[in-house]
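Each chain, letter by letter, is given below.
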Amino acid sequence: MSLLGCVDREIGRYGSSVKITQEGSSINTRAFLEPLRYRNKIYIGGEYHQLGFLRREKYLYVGKSIHKLIENESVIEMKGDKYIVKRCETFYVKDTPVYEWAILVPFGEELEDDYDADTT
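Heads up: these notes are all about the structure in this document. Source: prediction; values computed, not measured.

Secondary structure summary: the protein contains 2 helices and 6 strands in total. Listed by position from the N terminus, the elements making up the protein come as α-β-β-α-β-β-β-β. Out of the 120 residues in the protein, the part that is buried amounts to 33%. Restricting to contacts in the protein with at least 6 residues of sequence separation, those with at least 24 account for 55%. Approximately 8,000 Å² of the protein is accessible, and the part contributed by carbon and sulfur atoms is 50%.

Now for the pattern of salt bridges. On inspection of all chains with the given rule, the structure shows 3 salt bridges. As a salt-bridge pair, Arg13 and Glu10 come within 3.9 Å of each other at their nearest N and O atoms. Placement of both Arg13 and Glu10 in helix 1 (residues 3-14) is noted, with a separation of 3 residues, approximately one turn of the helix. In this structure, the salt-bridge partner of Arg87 is Glu89, at a minimum N-O distance of 2.7 Å. A relative accessible area of 31% places Glu89 in the partly exposed class. The structure contains a network of salt bridges with shared partners spanning Arg9, Glu10 and Arg13.

Here we take up the sheet that holds strand 2 (residues 25-35). Taken in spatial order, the 6 strands of this closed barrel run 1-2-3-6-5-4, and their pairing is antiparallel. On average, adjacent strands in this sheet sit at an angle of 45° to one another, irrespective of strand direction. Relative to strand 2, strand 1 (residues 16-22) runs antiparallel, the two being bridged by 7 bridges. In the strand pairing of strand 2, Lys19 is matched with Asn28.

For the rest of this paragraph, the subject is the environment of Leu69. Within the secondary structure, Leu69 sits in the loop between strand 3 (59-64) and strand 4 (75-78). A residue is classified by how much of its surface remains accessible, and Leu69, at 8% relative accessible area, is buried. As a C-alpha pair, Leu69 and Cys88 span 19 residues in sequence and 6.7 Å in three-dimensional space. Sequence-distant contacts of Leu69, that is, excluding residues within four places in its chain, are made with Ile20, Gln22, Tyr61, Ser74, Ile76, Val85, Cys88, Glu100 and Ala102.

Analysis parameters
- Residues numbered from 1 in each chain as written.
- Predicted model: local features only at pLDDT ≥ 70, side-chain atom pairs only at ≥ 80, totals over all residues.
- Heavy atoms only, no water.
- Helix = DSSP H or I, 4+ residues; strand = E, 2+ residues; numbered from the N terminus.
- Buried < 20%, exposed > 50% of the residue type's maximum accessible area, 1.4 Å probe, protein only.
- Contact = heavy atoms within 4.5 Å.
- Areas by Shrake-Rupley, 256 points an atom, 1.4 Å probe, with all protein chains shown as cover.
- Salt bridge = Lys/Arg side-chain N within 4 Å of Asp/Glu carboxyl O.
- Pairing = 2+ DSSP bridges.
- Axes fitted to C-alpha atoms, helices over the stretch in contact; angles between N-to-C directions.

This is the structure:
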């Protein structure tokens, strides 16, 4: 079996049910979705924060390569929670797309990328 077939099979077997909404359409599929811990955040501009301040949660998404995501547009829904894609890429082996990964943030909150520090 090909590498792509193995990855798709494992995502389908062990991934959670998710709904991807983008460009006016939705699709149900399976993917992995997990919170990024501090050790991962150092690579994506995250920082420690005190309780009661802005939430800067980030999540890692890993899904099948056939479901391409769009930054700042694709919305991922899992178990009633919604997340928006802030960054995404396709992982390739040789010239074959193997899986899609993305950094997600909770949907509908004021996000650090959307905050303009010059306004009051």
